[in-house]
Amino acid sequence: MGEALLEVRNLAKSFGALRATDGVDLEVHEGETLAIIGPNGAGKTTLISQLAGNLRSDAGRVRFAGEDVTALSAPRRARKGFARSFQITSVFPEFSTLENVALAVQAHAGHSLRFWRPAMSDPALIEPARQVLKEVGLETRAGVIAANLSHGEHRQLEVAMALATQPRLLLLDEPMAGMGIEESERMIALLASLKGRLTIILVEHDMDAVFRLADRISVLVYGRIIATDSPDKIKLNAEVRKAYLGEEA
Amino acid sequence: MKTRAILWGAFVLLLAALPPVALELGQPFYLDLVRRIMIFAIAAISLNLILGYGGMVSFGHAAYLGVGGYAVGILAFHGFDNGLLQWGAAIGGSALVALAIGAVSIRTSGVYFIMITLAFTQMLYYLGVSLEEYGGDDGMRLRTRSEFPLVDLKDPVTFYYVVLGLMLLSIFIVFKLVNSRFGMVLRAAKSNEARALAIGFSPYPYRLAAFVIAGAMGGLAGALLVNHTSYLTPDFMHWTRSGEIMFMVILGGMATHAGPVAGAFAFLLVEDMLSAWVPLAFVREHWQLFLGPLLVLSVLFFRRGLAGIFGKHDG
Ligand SMILES: Nc1ncnc2c1ncn2[C@@H]1O[C@H](COP(=O)(O)OP(=O)(O)OP(=O)(O)O)[C@@H](O)[C@H]1O
Ligand SMILES: [Mg+2]
């Protein structure tokens, strides 16, 4: 294997005395799906936010595609190929489903210093947006105002917006959170269809989904990665069972 | 959609028909009143671009009325009556001032943003007060209205139609802007900044550009206002002015195209009625006493602004 697409060294973040991220090292290779699991409050969302650039790290480095992106802001990282979904749905509530996705397409299309032509009738934005909606199964909901979507649809829209920026690295923070069985099943199928095409970091509590999707699993406890291994080995790892899986059973 | 087009059409026809009707009835006063209202509508339309669509609570929009007004007034004072020069200076000067204020204030948010825009405007207000040469506190008279080839602003009806045309142009420009890619970034960043950042938008330059455009339009309103009043004082920039313009936008309906216009008409008509028309002397004398509660009630009653009566928010 060549150089990793994402390389994280000694990443740290504290909130006061609390070490939410405590010396995290990660390597994710092109096309790989890495799942990050860990108990509530382990620091998974914090880590995702640091990777996406929403949260400044106290220490450590992040390299992406051979480039040091540690100092880059969230929008600059997004334009380099990072995309994230939020654990707590975060969309543009007043805009339609289609517009939400078209905005993400626009964000990827370069600068927006175009002052006159109506954006939302521009096929260059609308066509790719429709394509992505179809891919995530929201095409029939294109005209609905995002605030009026169901919870499950919000989760799909989160993923759609991430996909619409044509990312190289997808950071998904509990995409199945709060979903019913059927919806989860559809989301798993969607993520399975992305697997391999994209590099994915998946934070998820749904162990079934994790074991089906992940190539490797990292276990995060108190801001530290205590183990990284293949799904089968993680299942057998005693420390992991004690720290995490034991809790679940 | 259809109703809205009809309403707009009726509104424009009404305004266009006003001068001949008012003159026929021997009531030129109405011409003056509506012209003043339309000038404030332009200021409100420009504020709506940043406040309504951009979510930037600028509590200093009167600054541009002042800069625009002083640009015209000072040039006229020194004998430059050319309207293109005067209005160009008003628009350009306001754009520059907006660039400076925006560059600093847009880096902040919330209460800080409100305070910084207010502080800058107070600074300009005191600058106006200190300009002894141009009348200081008392202000100065505009010798003559801006002079243009072909168009004579000294004719009140002509001036009225110029203001009407510029108001409609302002509405159209803001309409085009907020639906363009530029406007989508502006509105997205207002709607959900974290999400806007996450998909790759850097809002700062777009917000600054909007701020400058709004300032330039405010400067145009200032140039019109000084021509309308023929008198210029630092009160153009008084913080209560900023408050009134902001109120017009909120009363009319933020992030709607009709809102700032409806708000300007409602606010200034009610003000005028209370202070001059109401048949009770007590109310006329203490009209401010009655305006306040009316404003409070209207905001409580029309949550989404007057424009909300006619339908949903438009983009
Ligand atoms: N902005 C913040 N300020 C202070 N403390 C924070 C902040 N964000 C997170 N924390 C704390 O940091 C720790 C890690 O939080 P984080 O949200 O990253 O956990 P998580 O692994 O995503 O948990 P969950 O499974 O519940 O989503 C928690 O103890 C949390 O309370
Ligand atoms: Mg979390």
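Being a predicted model, the structure only gives us computed values, none of them experimental. As a convention, each chain's residues are numbered from 1 in the sequence order in which they are written. Here the convention is simple: chains get letters from A, ligands get numbers from 1, in the order in which they are written. Restriction of local features to residues with pLDDT of at least 70 applies here, the model being predicted, together with a cutoff of 80 or more for giving and counting side-chain atom pairs; totals for whole chains, interfaces and linings are based on all residues. Computation of side-chain values: all heavy atoms of the structure, hydrogens and water removed.

Enquirer: Looking at this structure, I do not really get the overall build of chain A. What am I missing?
Expert: Strands are runs of DSSP state E lasting at least two residues, helices are runs of H or I lasting at least four, and both sets are numbered from the N terminus onward. Looking only at helices and strands, chain A features 9 helices and 10 strands. For this measure, only C-alpha atoms enter the radius of gyration; the expected value for a globule follows 2.2 Å times N^0.38, where N is the number of residues. A compact globule built from 249 residues should have a C-alpha radius of gyration of about 18 Å, and chain A, at 18 Å, falls within 12% of that. Taking the principal axes of its C-alpha atoms as reference, chain A extends roughly 60 × 40 × 40 Å. Any two residues whose heavy atoms approach within 4.5 Å at even a single point are treated as in contact. Sequence-distant contacts in chain A: of pairs separated by 6 or more residues, those separated by 24 or more amount to 65%. With residues, only the protein chains shown are counted as cover, and all accessible areas are computed by Shrake-Rupley using a 1.4 Å probe. Put simply, chain A shows about 10,900 Å² of open surface, and 51% of that area lies on carbon and sulfur atoms. Only four residue types enter the tally: Lys and Arg on the positive side, Asp and Glu on the negative side; His and the chain ends are excluded. A charged residue contributes its charge at one atom only: NZ of Lys, CZ of Arg, CG of Asp or CD of Glu. Put simply, chain A has 29 plus and 32 minus side-chain charges, and the middle of one group is 5 Å from the middle of the other.

Enquirer: Explain the sheet that holds strand β1 (residues 6-15) of chain A to me, please; I cannot follow it from the model alone.
Expert: Through backbone hydrogen bonds, the strands of a sheet pair up, either in parallel or in antiparallel fashion. All names here are of chain A. When DSSP locates at least two bridges between a pair of strands, those strands are taken to pair. A sheet is described by the order of its strands in space; here 4 strands give the open sequence β2-β1-β4-β5, paired in antiparallel fashion. Each edge of the open sheet is held by one strand with a lone partner, namely β2 (18-28) and β5 (67-68). Against the sheet, helix α1 (residues 44-52) touches β1, β2 and β4 (59-64), its axis set at about 120° to β1. Axis definition: a line fitted to C-alpha atoms, over the contacting stretch in the case of helices. Angles run 0 to 180 degrees between N-to-C directions.

Enquirer: Even after reading the chapter, I still don't get the interface of chain B and chain A, so can you show me in this structure?
Expert: A common way to state how big an interface is: give the accessible area lost once the parts meet. Of the residues lining the interface, 25 residues belong to chain B; the matching set on chain A comes to 34 residues. For the pairing of chain B and chain A, the buried interface totals around 2,600 Å² over both sides, and the portion due to carbon and sulfur atoms is 64%. Simply put, the buried area is the total loss of 1.4 Å probe accessible area from both parts when two parts are fitted together. It is Arg 181, Arg 195 and Ile 199 of chain B that lose the most area in chain B upon contact with chain A, and together they represent 32% of the buried surface on that side. Criterion for a salt bridge: a side-chain nitrogen of Lys or Arg within 4 Å of a carboxyl oxygen of Asp or Glu. Viewed at the interface, chain A and chain B are joined by 2 salt bridges. Those elements that provide at least two residues to the side of chain B that touches chain A are α6 (156-179), α7 (181-191), α8 (193-199) and α9 (203-229) of chain B. With 7 residues, α7 of chain B is the single largest residue contributor to the side of chain B that touches chain A.

Enquirer: Mind showing me how you'd approach the pattern of salt bridges here?
Expert: When their charged atoms lie close together, side chains carrying opposite charge are able to pair. Counting across every chain of the model gives 25 salt bridges over all chains. Salt bridges here are not isolated pairs; linked through shared partners, they connect Glu 7, Arg 9, Asp 25 and Glu 27 of chain A.

Enquirer: Can you walk me through helix α5 (residues 111-130) of chain B in this structure?
Expert: Residue pairs spaced three or four apart in an α-helix point in one direction, given the helix's 3.6 residues per turn. Residue and element names in this part refer to chain B. Helix length check: α5 (20 residues) gives 28 Å between terminal C-alpha atoms against 28 Å at 1.5 Å per residue, within 8%. Listed as buried for α5 are Phe 113, Thr 117, Leu 118, Thr 121, Leu 124, Tyr 125 and Gly 128. Within α5, the buried residues cover an arc of 125° as seen down the axis, which keeps them to one side. Facing away from the buried surface of α5 by more than 90 degrees, the exposed residues are Val 111, Tyr 112, Met 123 and Tyr 126. On its buried face, α5 is in contact with α3 (62-77), α4 (83-105), α9 and α10 (239-252). The span one expects for a helix is its residue count, reduced by one, times 1.5 Å. Residue exposure (1.4 Å probe, protein chains only): buried if accessible area is under 20% of the type maximum, exposed if over 50%, otherwise partly exposed. The arc under discussion is defined with respect to the helix axis, by the directions toward the C-beta atoms.

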